[in-house]
Amino acid sequence: MDLIKSSGLLLRSVTGLVAMSAITPALNAAPQAKQQGDGRPNILFILSDDHTSQAWGIYGGVLADYAKNPNIRRLASEGTVLDNCFCTNSLSAPSRASILTGMYSHRNQLYTLADTFDTGLPTLATVLQQSGYATALMGKWHLKTKPQGFDKYSVFYDQGEYRDPTFIESSDPWPGARNYGERVQGFSTDLVTDKAIAWIREQDGSKPFLMCCHFKATHEPYDYPLRNAHLYDGVKFPEPHNLLDSGMTTNGRSFEGQTLEEISRRWMEASKDPDKWWCRYPGLPFSTEGMSHDEARRAAYQKLVADYLRCGATIDDNIGRLLDVLDEMGIADNTIVIYVSDQGYFLGEHGFFDKRMFYEEAARMPFVIRYPGKVGRGVRNRDLILNIDFAQTLAEYAGVEMPGAQGRSFVANLRGETPSDWRQSFYYRYWTTHDVRPSHMGIRTDRYKLIFYYGARLGMTDSDEVTDYKPSWDLYDLKEDPGEDRNVYGDKRYAPIVKALKKEMLRLRDEVGDTDSTSTEMQRILSEYYW
C-alpha cells in the first residue's frame with residue numbers, strides 16, 4: 001500500500017484523506033464597498049466563550065431547530081460559514097492567545113488557564129494599531145496581563161460576572177491580582193455591546209477601525225437576562241445519541257472525561273448556599289435525589305441545554321444590535337464582521353459537559369464572516385482552518401504583515417480559490433493534565449483523527465501530577481463514525497492508517513517546532529509508547 005508520498009504527506013487515494021476545498025455555491029456578486037478613510041476595511045471581531053457549533057443552529061444537530069439565532073442566520077446568509085474551523089488547544093486563554101498572535105501555544109508560551117500572556121509579542125491589535133487603525137477591546141480579555149495594541153479597552157477582571165459586572169478601563173491602573181474597577185448595572189452581554197456600539201459611533205471615518213467585542217457568554221454558569229428567562233419553558237430537548245455513554249467501556253476511549261454528573265453536583269452544592277459557590281447559577285435549586293443514574297443524567301442535560309440556549313440567544317440579540325449600527329452608519333459594506341467562539345463545548349455528547357478534549361464538539365470553532373464583495377454570500381467552506389490563521393487573514397485584508405505568525409491567510413479560500421497546497425491535516429495539543437482529562441496531542445485529517453494521551457504534567461501550570469496514567473491512543477474514522485463512538489486504534493484493518501498518521505504527526509510536530517526535544521520525560525514517553 002503506497003500510503004505516504006516522499007514528502008511525508010498522506011495519499012488520499014488509499015486512506016480516504018480527501019482534499020477539503022469544496023465550496024458551494026460560487027461567490028455571489030455584492031455591492032461595491034463604500035470607501036472610508038484610507039479605503040481599508042473596518043473589522044468587527046465578535047468573540048464568544050464556549051458557544052459551541054451544536055447551539056448555533058446553522059451546523060445541524062439535534063438542537064438546530066431550537067436555537068434562537070436570526071442574526072447568526074443573517075450573517076450566514078450574507079457571508080461565509082467555515083465548516084471545519086478548529087482551535088489548536090481547546091481552552092479559552094490559550095485559544096485567545098493563538099487568535100491574537102497566530103502562534104501555537106508552545107510558541108506564544110500560553111499553555112494553560114494559569115499562564116500569563118507575554119506583552120512583548122506582536123498581536124493583530126498591535127500590528128493594526130501601528131499601521132494606522134483605531135483599535136478597541138470591550139468585554140472578556142482573560143489573559144492576565146494588560147491588553148496591548150488597543151487605543152481603548154473596557155474589560156472584565158479575569159472571567160468577569162454575568163450580572164452587574166466590573167469593568168477595568170484603559171484609563172485605570174492595571175490591577176494585577178486585584179479585582180477593581182467600575183461596577184455597571186445590567187447584563188454583561190448587553191453591556192459589552194453597549195460599549196462597543198458607543199465606541200464605533202465615536203469613530204469619524206478618518207481611519208479604519210478594529211473593534212474586538214468579546215462576550216463572557218456562553219461560559220459556565222450559562223446565565224441569561226430576565227427577558228430570556230422563560231424561553232424554552234415546557235420544552236423537552238432531544239438528546240444526543242450518546243448521552244448515556246457510560247465511560248471508557250462504551251467506546252474504548254482512553255480517558256474518563258468530565259461528565260454531566262459533575263455539573264449536577266455543582267448545581268446541588270450551589271443550591272445549598274449560593275453565596276458560598278464560585279459563581280451564580282440560574283434556575284436553582286436543582287436536585288436529582290431519588291433518580292436513577294439515567295434519569296439524573298437526563299435531568300442534568302435538560303437544565304444545561306435550556307440555560308445554555310437562553311444564554312446563546314442573548315448573544316444573538318446583541319449581534320443584531322451590532323449589525324444594525326453598521327447599517328445605520330452606512331459602513332456595513334466596508335466592514336468585515338466575524339463571529340466566532342474561542343472553542344466548542346460538550347452539550348451532553350458522550351455524557352460530557354465542558355471542553356478541552358480533541359473531540360469534534362470541543363475542538364471545532366463555529367465561524368462566520370461577512371465582507372460584502374470580498375466574501376461569498378451563503379457559502380459553506382470545508383477547508384481545514386485553524387485559529388492560528390485568523391491574524392494572518394485579517395492582516396492581509398488590512399494590507400499589513402503579521403510577524404511571527406505560524407498560521408496562513410485564508411483570504412484566497414474565502415474567494416473560492418483554495419490554494420492547491422492547502423493543509424490536509426493539522427496538529428493539536430492540550431497541555432493541561434488531570435485524572436479525567438489527560439494531556440494529549442493529536443492529528444486530524446478529512447477522515448481520520450488520531451490522539452495520543454500521554455498524561456504527563458511536563459511542568460505545566462494548572463495541572464496535577466498524575467503518576468498512574470498509562471499513555472494510550474485513540475483513532476476515529478470520522479466518515480464511518482462521525483460521533484466518535486468507537487475507538488478503532490486496535491483494529492488491525494486500520495494498522496496502515498495508524499502508521500501513516502503517526503508519521504504525519506511527527507512531521508507536523510517538526511514543522512511547527514513542537515518536538516519536546518528538551519524534555520527528557522517526554523522523550524522517554526515517546527520512545528516507550530509512540531510506536
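Scope of this entry: the structure provided in the associated data block. Values in this document were obtained by computation on a predicted structure and should not be read as measured data.

The rules behind these values
Residues numbered from 1 in each chain as written. Predicted model: local features only at pLDDT ≥ 70, side-chain atom pairs only at ≥ 80, totals over all residues. Heavy atoms only, no water. Helix = DSSP H or I, 4+ residues; strand = E, 2+ residues; numbered from the N terminus. Phe/Tyr/Trp six-rings, centres within 6.5 Å; stacked < 30°, edge-to-face > 60°. Buried < 20%, exposed > 50% of the residue type's maximum accessible area, 1.4 Å probe, protein only. Lys NZ or Arg CZ within 6 Å of the ring centre and 35° of its normal. Axes fitted to C-alpha atoms, helices over the stretch in contact; angles between N-to-C directions. Parallel < 35°, antiparallel > 145°, perpendicular 65-115°, else oblique. Contact = heavy atoms within 4.5 Å. Nonpolar A, V, L, I, M, F, W, Y, C, P; charged D, E, K, R; others polar. Polar contact = N/O pair within 3.5 Å; in protein donor to acceptor, adjacent residues only side chain to side chain. Disulfide = S-S within 2.5 Å. Salt bridge = Lys/Arg side-chain N within 4 Å of Asp/Glu carboxyl O.

1. Notes on unusual backbone geometry
The linkage connecting Ala217 with the following residue, Thr218, adopts the cis geometry, with an omega of 5°. When you line up the elements, Thr218 lands in the loop between β9 (209–214) and α7 (248–251). Between Glu220 and the following residue, Pro221, the backbone shows a cis peptide bond with an omega angle of 20°. For Pro221, the location among the structural elements is in the loop between β9 and α7. A positive phi angle, near 50°, is found at Asp164, a position not held by glycine. Its location among the elements puts Asp164 in the loop between β6 (152–156) and β7 (166–169). Positive phi values are uncommon outside glycine, yet Asp516 reaches one of about 55°. With respect to the helices and strands, the residue Asp516 is situated in the loop between α13 (495–512) and α14 (520–529).

2. Digging into the packing of aromatic side chains
Per the stated rule, a full pass over the model turns up 34 aromatic pairs. Ring geometry for Phe346 and Tyr359: centres 6.3 Å apart, planes at 75°, overall edge-to-face. Here Tyr359 lies in the loop between β12 (353–354) and α10 (360–363) and Phe346 lies in strand β11 (residues 346–347), a separation of 13 residues in the sequence. Like Phe346, the residue Tyr359 is buried in the burial classification. An aromatic cluster of three or more residues is present, and its members are Phe255, Phe346, Phe352, Tyr359, Tyr453 and Tyr476. Above the ring of Trp267, the side-chain terminus of Lys303 is found at 5.0 Å from the ring centroid.

3. Considering the packing of helix α8 (residues 260–272) against helix α9 (residues 293–329)
Any two packed helices are characterised by the angle at which their axes cross and by the distance between the axes. Packing of α8 against α9 leaves a shortest axis separation of 9 Å and a crossing angle of 70°. What the angle tells us is that α8 and α9 run roughly perpendicular. Residue-level contacts link Leu260, Glu261, Ser264 and Trp267 of α8 to His293, Ala296, Arg297, Ala300, Tyr301, Lys303 and Leu304 of α9. Each residue belonging to the contact of α8 with α9 can be placed in one class, and the counts come to six nonpolar, two polar and three charged.

4. Regarding the side chain of Arg437
With respect to the helices, strands and loops of the structure, Arg437 is situated in the loop between β16 (425–430) and β17 (440–445). You can call Arg437 buried: its relative accessible area is 8%. A polar contact of 3.5 Å, which involves the side chain of Arg437, links it to the side chain of Gln258. Here the side chain of Arg437 touches Asp354 through a polar contact of 2.9 Å, side chain to side chain. Contacts of Arg437, omitting those with residues within four sequence positions, involve Gly257, Gln258, Asp354, Lys355, Arg356, Met357, Tyr430 and Thr432.

5. Focus on the state of the cysteines
Counting across every chain of the model gives zero disulfides. Between Cys85, a free cysteine, and Cys87, which holds the nearest cysteine sulfur, the sulfur-to-sulfur gap is 8.5 Å. In this structure Cys212 is a free cysteine whose sulfur lies 9.1 Å from that of Cys213, the closest cysteine sulfur available.

6. Quick look at the pattern of salt bridges
On inspection of all chains with the given rule, the structure shows 51 salt bridges. Here Arg356 makes a salt bridge to Asp354, at a shortest N to O gap of 3.1 Å. Each member of the pair Arg356 and Asp354 is classed as buried. Between Glu480 and Arg447 there is a salt bridge, with the nearest N and O atoms lying 3.7 Å from each other. With Glu480 in the loop between β19 (472–477) and α13 and Arg447 in the loop between β17 and β18 (448–453), the pair connects residues that are 33 residues apart, well separated along the chain. We classify Glu480 as partly exposed; its relative accessible area is 48%. A relative accessible area of 17% places Arg447 in the buried class. Look at the salt bridges and you will find they share partners, linking Arg74, Glu78, Asp324, Asp327 and Arg370 into a network.

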